[in-house]
Amino acid sequence: MLIKNVDSQVIKKAQQNRALFFDVDGVLSNGSITYTEDDRELKSFNVKDGQILKYLKSSGIVIGAITGRSSKAVQRRCAELKLDFFEQGVADKWTVVQAKAHEYGLDYHEIAYLGDDLIDLRTISEVGLGVTPLDALEYIQSHADFISSKRGGDGVLREVGDLILDSQGKLEIILKEHLK
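This is a predicted model, so every value here is computed, not measured.

*Asks:* Sorry if this is basic, but what is going on with unusual backbone geometry here?
*Replies:* Peptide bonds are mostly trans, and most non-glycine residues show a negative phi. Within the chain, N5 stands out as a residue other than glycine whose phi angle is a positive 60°. Of note in this structure, D39 is not a glycine but carries a positive phi near 65°. The topology assignment puts D39 in the loop between β2 (34-35) and β3 (41-42).

Here's what the structure looks like:
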């Protein structure tokens, strides 16, 4: 393993992942929302998160975002990332995860979910690998299998993507391809 200091149970769960679903605000972004005087919404996203998604997808991992809010900025970012699906304005994320598991032929233990708040709690608890960013509240983290070393908006999705690929023996192959 290239990634160090990860619990063996987390690695076993990540080895089984065929899907990575995630929240947006507090995960892809730091959770801040800035409104301009002309009512535009501004958000910042970490480019490192997007880099790993193409490797996950080429490895057969289903990638999807499920967010409680609706936002043009988030819609644009998710379109750029070429996700397998993007659902916004969702009040019950677990219901969406169940539907997507059925659609993609996934068992719940094959899904990793990355979220940071109460709306994500049931999903974090029910999937195979539940993950929170470092800055999620402790009572949310207490239900996760893995707590990232990264804060929301600071490359947390990249860390989880790397973990999945590394646990499945694919990250080292990707690195070797880039060293040629």
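*Asks:* Any chance you could explain the packing of helix α1 (residues 8-15) against helix α7 (residues 156-167) here in plain terms?
*Replies:* The relative placement of two packed helices comes down to the angle between their axes together with the axis-to-axis distance. Relative orientation of the contacting elements α1 and α7 amounts to 80°, with a least axis distance of 8 Å. One element, α1, and the other, α7, form an angle in the roughly perpendicular class. Between α1 and α7, the contacting residues are V10, I11, A14 and Q15 on the first element and L163, I164 and S167 on the second. A breakdown of the residues in the contact of α1 with α7 according to their chemical character gives five nonpolar, two polar and no charged.

*Asks:* Just to check I follow, could you spell out the packing of aromatic side chains for this structure?
*Replies:* For the coordinates displayed, the defined rule picks out three aromatic pairs. Considering the side-chain rings of F21 and F85, the 5.0 Å spacing of their centres and the 75° angle between planes classify their relative orientation as edge-to-face. Of the two residues, F21 is situated in strand β1 (residues 19-22) and F85 in strand β5 (residues 85-87); the sequence distance between them amounts to 64 residues. Of the two residues, F21 and F85, both sit in the buried class. An aromatic cluster of at least three residues, connected via ring pairs, comprises F21, F85 and Y104. Of note, K100 hangs over the ring of F85, and the distance from its end group to the ring centre comes to 4.6 Å.

Cut-offs and rules
- Residues numbered from 1 in each chain as written.
- Predicted model: local features only at pLDDT ≥ 70, side-chain atom pairs only at ≥ 80, totals over all residues.
- Heavy atoms only, no water.
- Helix = DSSP H or I, 4+ residues; strand = E, 2+ residues; numbered from the N terminus.
- Axes fitted to C-alpha atoms, helices over the stretch in contact; angles between N-to-C directions.
- Parallel < 35°, antiparallel > 145°, perpendicular 65-115°, else oblique.
- Contact = heavy atoms within 4.5 Å.
- Nonpolar A, V, L, I, M, F, W, Y, C, P; charged D, E, K, R; others polar.
- Phe/Tyr/Trp six-rings, centres within 6.5 Å; stacked < 30°, edge-to-face > 60°.
- Buried < 20%, exposed > 50% of the residue type's maximum accessible area, 1.4 Å probe, protein only.
- Lys NZ or Arg CZ within 6 Å of the ring centre and 35° of its normal.

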